[in-house]
Amino acid sequence: MRGNDIGIRKNYRSLTDVERDRFIQALFHVKSTGFIDEFARIHAEHFFMGIHRSSQFLPWHREMLLRFERELQKFHSEITIPYWDSTVDRNPSDPLWNNNFLGQFNLEWGLGRALGSGPLSTLQEVESNQGRDNYDTFWRELENPIHNRPHVWVGGVMADVASPGDPAFYLHHCCIDMLWARWQLAPATSGAPFISSGSGLGLHDPLMEWPDRTPADVLDHHDLGYTYDTETQFKTGQLLSYGDAGTPGNVSDPVIVGFGGWLDFKFLFAGRNATGENRIYAVEQNGQLLSYGDAGTPGNVSNPVVVGFGGWLDFKFLFAGKNAIGENRIYAVDQNGQLLSYGDAGTPGNISDPVVVGFGGWLDFKFLFSGVNLSGEDRIYAVVA
Amino acid sequence: MEPEHQDYKGHHIELRVRDTGELRVLGAGRERELELLIDNKPIRYGQLPDGSYALHEYAYDWSNNLMDLAKKFIDYQDKVNMIRHESEANEGK
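Residues numbered from 1 in each chain as written. Chains lettered and ligands numbered in written order. Predicted model: local features only at pLDDT ≥ 70, side-chain atom pairs only at ≥ 80, totals over all residues. Heavy atoms only, no water.

**Observations regarding the overall build of chain B**
Put simply, the rule reads: In DSSP terms, a helix is any run of H or I states spanning at least four residues, a strand is any run of E spanning at least two, and both are numbered starting from the N terminus. Relative accessibility decides the category of a residue: with a 1.4 Å probe and only protein chains considered, values under 20% of the type maximum give buried, values over 50% give exposed, and everything between is partly exposed. Contacts are assigned to residue pairs with any non-hydrogen atoms lying within 4.5 Å of each other. Each accessible area is a Shrake-Rupley estimate made with a 1.4 Å probe; only the visible protein chains count as cover when residues are assessed.
Each helix and strand in chain B was counted, giving 2 helices and 6 strands. The buried share of chain B, taken over its 93 residues, is 38%. Taking the contacts inside chain B whose residues are at least 6 apart along the sequence as the reference set, 34% of them involve residues at least 24 apart. Within the structure as shown, chain B displays about 5700 Å² of accessible surface, and the carbon and sulfur contribution to it stands at 45%.

**Remarks on the pattern of salt bridges**
Working definition: two side chains of opposite charge can pair if their charged atoms are close together. All names here are of chain A. Heads up, the condition is: When a carboxyl oxygen of Asp or Glu lies within 4 Å of a side-chain nitrogen of Lys or Arg, that pair is called a salt bridge.
Scanning the model with the defined rule gives 25 salt bridges over all chains in all. Across the salt bridge formed by E69 and R9, the nearest N and O atoms sit 2.9 Å from each other. Of this pair, E69 sits in helix 3 (residues 57–75) while R9 sits in strand 1 (residues 7–9), placing them 60 residues apart in sequence. Exposure class is identical for E69 and R9. Each is buried. Residue R41 is joined to E45 by a salt bridge in which the shortest nitrogen-to-oxygen separation is 2.3 Å. Taken together, the positions of R41 and E45, both in helix 2 (residues 35–46) and 4 residues apart, correspond to about one turn of that helix. Three or more residues are tied together by salt bridges with common partners; here these are R9, R62, E69 and D177.

**Here's the deal with the packing of helix 5 (residues 123–130) of chain A against helix 6 (residues 135–154) of chain A**
Each pair of packed helices gets described by two things: the angle between the helix axes and the distance between those axes. Residue and element names in this part refer to chain A. Filter applied, for reference: Fitting a line to C-alpha atoms yields each axis, with helices limited to the stretch in contact; the angle taken between N-to-C directions then spans 0 to 180 degrees. What sets the label is the angle itself: under 35 degrees gives roughly parallel, over 145 gives roughly antiparallel, 65 to 115 gives roughly perpendicular, and the rest give oblique. What makes a crossing left-handed is the near helix being turned counterclockwise from the far one by less than a right angle; a clockwise turn instead makes it right-handed. Here the term charged refers only to Asp, Glu, Lys and Arg, the term nonpolar to Ala, Val, Leu, Ile, Met, Phe, Trp, Tyr, Cys and Pro, and the term polar to all other amino acids, Gly among them.
Direction vectors running N to C along helix 5 and helix 6 enclose 165°, while the axes themselves pass 9 Å from each other. Classified by the angle between their axes, helix 5 and helix 6 sit roughly antiparallel to one another. For the pair helix 5 and helix 6, the sense of crossing is left-handed. Listed contacts from helix 6 to E125, V126, N129 and Q130 of helix 5 are T137, F138, E141, L142, I146 and R149. When its residues are assigned to classes, the contact of helix 5 with helix 6 shows 4 nonpolar, 3 polar and 3 charged.

**Side note on the sheet that holds strand 1 (residues 4–8) of chain B**
All names here are of chain B. The test is simple: For two strands to be treated as a pair, DSSP must find at least two bridges joining them.
Here we have 4 strands laid out as an open sheet, ordered 1-2-3-4, and antiparallel in their pairing. The outermost strands of the open sheet, each flanked by one partner alone, are strand 1 and strand 4 (41–43). The mean inter-strand angle of the sheet, taken between neighbouring strand axes irrespective of direction, is 25°. Bridge analysis of strand 2 (residues 11–17) against strand 3 (residues 34–38) gives 5 bridges, and the strand direction is antiparallel. Residue pairing across strands places L15 opposite L36, the latter belonging to strand 3.

**Examining the interface of chain B and chain A**
Interfaces are often sized by the accessible area lost when the parts come together. Threshold: Throughout, buried area stands for the accessible area (probe radius 1.4 Å) lost by two parts on being put together, summed over both.
Taken together, the contact pairs 20 residues of chain B with 26 residues of chain A. Together chain B and chain A conceal approximately 1800 Å² of surface at their shared face, both sides included; 63% is due to carbon and sulfur atoms. Run the count over chain B and chain A and you get 1 salt bridge. In this structure, the salt-bridge partner of D50 of chain B is R53 of chain A, at a minimum N-O distance of 2.5 Å.

**Some thoughts on the UniProt feature "domain: Tyrosinase copper-binding" (unreviewed entry) in chain A**
Formally: UniProt positions are given in the numbering used here, feature names are shortened, and annotations may be inferred rather than shown by experiment.
Here, UniProt's "domain: Tyrosinase copper-binding" (unreviewed entry) annotation points to residues 52–69 and 166–177 of chain A. As annotated, residues 52–69 of chain A has a helix share of 72% and a strand share of 0%, and its two end C-alpha atoms lie 21 Å apart.

**Focus: the side chain of R279 of chain A**
All names here are of chain A. To keep it simple, the criterion reads: Residues counted as positive are Lys and Arg, residues counted as negative are Asp and Glu, and His and the chain ends are not counted. Polar contact is the term for a pair of N or O atoms within 3.5 Å; when the atoms are in protein, one must be able to donate a hydrogen and the other to accept it, and sequence-neighboring residues count only if both atoms are side-chain atoms.
Topologically, R279 is positioned in strand 6 (residues 278–283). As a buried residue without a salt bridge, R279 has its nearest oppositely charged side chain in E277, at a separation of 4.4 Å. A polar contact is formed between the side chain of R279 and the side chain of S291, at a distance of 2.6 Å. Apart from the residues within four sequence positions on either side, R279 is in contact with F269, A270, G271, R272, N273, S291, Y292, G293, S302 and V305.

**Some thoughts on the sheet that holds strand 5 (residues 267–272) of chain A**
Residue and element names in this part refer to chain A. Spatially, 5-6-7-8 is the arrangement adopted by the 4 strands of the open sheet, whose pairing is antiparallel. If you trace the sheet from one side to the other, it starts and ends with strand 5 and strand 8 (305–308), each paired once. Neighbouring strand axes in the sheet, compared pairwise and without regard to direction, differ in orientation by 35° on average. Pairing analysis gives 6 bridges linking strand 5 to strand 6, with the strands arranged antiparallel. The residue of strand 6 that forms the bridge with A270 is I280.

**Re the nonpolar core**
All names here are of chain A. Heads up, the rule is: Residues belong to a common nonpolar core when they are buried Ala, Val, Leu, Ile, Met, Phe, Trp, Tyr or Cys residues joined through side-chain atoms within 4.5 Å.
Ranked by size, the top nonpolar core spans 61 residues in total, and within it L27, L58, F68, L72, W97, F101 and L102 carry the most contacts. Among the secondary structure elements, those contributing two or more residues to this core are helix 1 (17–32), helix 2, helix 3, helix 6, helix 7 (168–185) and strand 2 (226–228). Looking at which element gives the most residues to this core, the answer is helix 7, with 12 residues. Setting aside residues up to four positions removed in sequence, L72 forms contacts with F23, A26, L27, V30, I79 and I81.

**Here we look at the confidence of the model for chain B**
Atom-level detail of predicted coordinates should not be read off regions where pLDDT is low. All names here are of chain B. Here is the rule: The predictor rates its confidence in each residue with pLDDT, a number between 0 and 100.
In this model, chain B carries a mean pLDDT of 89, and residues with pLDDT of at least 70 account for 85%. Confidence scores differ between elements of chain B, with helix 1 (residues 20–26) showing the lowest mean pLDDT of 57 and strand 6 (residues 53–55) the highest of 98. For this predicted complex, the interface confidence reaches an ipTM of 0.90, while the overall pTM sits at 0.70.

**Details of the environment of F309 of chain A**
Residue and element names in this part refer to chain A. In this structure, F309 sits in the loop between strand 8 and strand 9 (317–322). For the pair F309 and L290, spaced 19 residues apart in sequence, the C-alpha to C-alpha distance is 8.7 Å. With sequence-adjacent residues up to four places away left out, F309 is seen in contact with Q288, P348 and G349.

Written as structure tokens, this is what we have:
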């Protein structure tokens with residue numbers, strides 16, 4: 001039920017440990033194959049030929065990142081390039097530069113970084129740039145100073161024409177691409193035309209190094225198979241998560257924790273398994289009972305555990321609760337009107353045999369759910385139809 | 001730009017015409033090309049589509065004036081050296 005048809009590029013801070021380690025391993029892999037050095041060479045070779053200081057700056061680097069991402073995906077299909085927002089992470093002590101992330105490459109790859117070698121742009125500058133009403137003024141300012149400054153701030157290889165030799169290049173350019181995508185999707189500028197900065201740099205002119213590709217081919221990043229975690233246009237079947245501050249109108253902005261497919265379930269409810277883990281339970285169309293964990297960050301609902309192998313479509317009601325002795329249970333009303341109670345051990349297929357806690361008549365209710373009364377007692381509530 | 005030389009923060013910056021042998025290799029009819037040297041060491045540079053200059057080793061600060069750019073490169077190198085020395089000192093603690 002994850003968004004496996006489209007890749008989600010997200011802030012590096014939102015990576016799970018598994019995703020982070022996988023990305024690092026893939027970087028080592030593409031270094032070992034020579035791919036990174038080849039990209040550094042290509043970038044250096046074309047640096048003065050229109051990939052910078054031209055209307056092809058953004059399309060060319062979008063194509064480059066896409067090719068890099070696809071190379072990483074040969075190592076692991078779920079990898080997407082994370083982004084570094086240098087208006088937020090502006091300090092050499094930020095986790096981006098930890099030795100379990102990008103920090104480890106500095107000595108190992110001889111990158112010669114000197115973090116802090118120049119200024120970084122502010123959020124205010126970036127937001128001001130987002131307000132530009134045409135492509136020509138937008139890309140010029142986005143490139144210089146917003147894009148240029150982090151290259152100098154990192155220093156060493158990152159400040160060189162061969163900057164793709166430093167993995168920081170890809171996280172930085174991913175952020176620049178995200179800002180372009182955001183500008184493209186903004187209501188005020190979503191139809192803004194591509195404006196060529198000169199001869200050979202137009203919408204249908206070939207990109208340097210990849211002449212079968214043009215800016216027109218890369219204008220829609222969704223068509224290229226990825227999106228950004230900053231995009232909040234909701235789509236059918238997404239699982240959203242809101243926080244309720246408890247005060248009027250103060251429910252939070254939602255987090256899209258599952259990117260699609262959640263409409264296909266018959267039952268969907270939250271609960272806890274027998275070991276006390278918070279889980280989201282779902283009954284899918286084959287009657288299996290699935291259990292998901294929600295990491296709380298975009299797209300990071302876990303792969304499901306099939307805790308019950310079949311027959312769960314036959315119930316009229318299904319909900320989680322606690323019994324009077326504090327055990328986490330899943331309650332179900334079967335076709336005979338009995339109220340059943342199951343325990344979920346949390347491992348595949350290991351839901352318990354049911355205990356029949358109510359012998360009949362439970363089909364007659366319109367609503368049925370569990371809760372806790374003001375005294376802290378666990379209760380099951382029902383509305384008589 | 002014209003040939004010139006300046007001293008800046010203890011460094012010697014020189015813009016000089018490439019020697020004729022190099023010009024022949026580069027092709028006849030080409031505009032006179034200047035070579036940039038800092039402390040007698042050649043510094044590679046290029047021109048972006050709008051004519052502004054960038055250095056290969058310091059590629060993300062652009063200027064229409066090569067001498068000014070050379071000074072910025074010296075400032076950058078000073079900052080880099082300072083950061084590296086501080087980092088090494090901290091690692092030694």
